[in-house]
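# Reading the structure
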Amino acid sequence: MITLTNIHKSYQMGTNSLHVLKGIDLEIKQGEFVSIMGSSGSGKSTLLNILGILDNYDQGEYHLDGKLIQNMSERNAAKYRNETLGFIFQSFNLISFKNAMENVALPLYYQGVSRRKRNALALEYLDKLGLKPWAEHMPNELSGGQKQRVAIARALISQPKVILADEPTGALDTQTSYEVMDILKEINKDGISIIIVTHEHDIAAMTDKIIKLKDGYIGDLIINGDLANFKKSYAKELQPA
Ligand code: ADP
Ligand code: MG
């Protein structure tokens, strides 16, 4: 589904250049649930932005669903994003003056779907996430967990092949974080690939594969069988205080 080959990315600041990604090779298959970990500033968001066609890279190749993503016009990038990708953010990114249903329906507005049809579909997706009674409520009337479920419904409505989530549980308490992860696992069972950035080991341990970014490279790739070891090594952190 996703293949990165020797991806490099630098940020230019005046005469200084910050080399953030120094040759990333990565393959993520359809239906995989992957987490990206790494210390603050290690390039997790940079990598996710490249995967999300929100930012360009300087060198290498990025193939998404068989297509080379390179030097795309903003118009093409937006079209491809809308067709293929769903986004979930730490801070939910709901539009404050639109109700839950309208927020969920938004991606379909950009696809030119009629209001009637997109609102009907939005209600279906809200229902799937147990939020139908909240359809007419504004974001500021919802709890953090409810807001994230609205955001998940919004990510799902355009039937993406891949969901990208930057710290989707970062603003939630532990219990709510686990609920959100359970929802993502259910979604993943339908064959949608999911890539989350997290710095929480217990959250990462719920995914199939953990990618550790370090000094601009992929430091560790912890896969399936090794996950048991990974969990063991962080068992102390997982224990309640
Ligand atoms: P992470 O998400 O792992 O915390 P980021 O990908 O956000 O890391 O950032 C990696 C490095 O690149 C950091 O040192 C950050 O300050 C820098 N950086 C990120 N975005 C930009 C930008 N738009 N311009 C300049 N520097 C940036
Ligand atoms: Mg980040």
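The preceding data block contains the structure.
Here we have six strands laid out as an open sheet, ordered 6-7-8-3-9-10, and mixed in their pairing. The sheet terminates laterally at strand 6 (85–89) and strand 10 (217–223), the two strands that pair on one side only. Neighbouring strand axes in the sheet, compared pairwise and without regard to direction, differ in orientation by 20° on average. As paired elements, strand 6 and strand 7 (residues 162–166) share five bridges and run parallel to each other. Residue pairing for strand 7: Phe-89 is matched across the bridge by Asp-166. Set on the sheet, helix 5 (residues 144–156) makes contact with strand 6 and strand 7; between it and strand 6 the angle comes to about 165°.

So, on to the sheet that holds strand 1 (residues 2–13). Consider a sheet: its strands pair through backbone hydrogen bonds, and that pairing is either parallel or antiparallel. An order of 2-1-4-5 is seen for the four strands of this open sheet, with the pairing classed as antiparallel. Edge positions in the sheet fall to strand 2 (16–28) and strand 5 (67–68), since each of these pairs with one other strand and no more. The pairing of strand 4 (residues 59–64) with strand 5 spans two bridges and is classified as antiparallel. Residue pairing for strand 5: His-63 is matched across the bridge by Leu-68. Across the sheet, helix 1 (residues 44–51) lies against strand 1, strand 2 and strand 4, angled at about 120° from strand 1, the strand it touches most.

Rules used in this analysis
- Residues numbered from 1 in each chain as written.
- Chains lettered and ligands numbered in written order.
- Predicted model: local features only at pLDDT ≥ 70, side-chain atom pairs only at ≥ 80, totals over all residues.
- Heavy atoms only, no water.
- Pairing = 2+ DSSP bridges.
- Helix = DSSP H or I, 4+ residues; strand = E, 2+ residues; numbered from the N terminus.
- Axes fitted to C-alpha atoms, helices over the stretch in contact; angles between N-to-C directions.
- Contact = heavy atoms within 4.5 Å.

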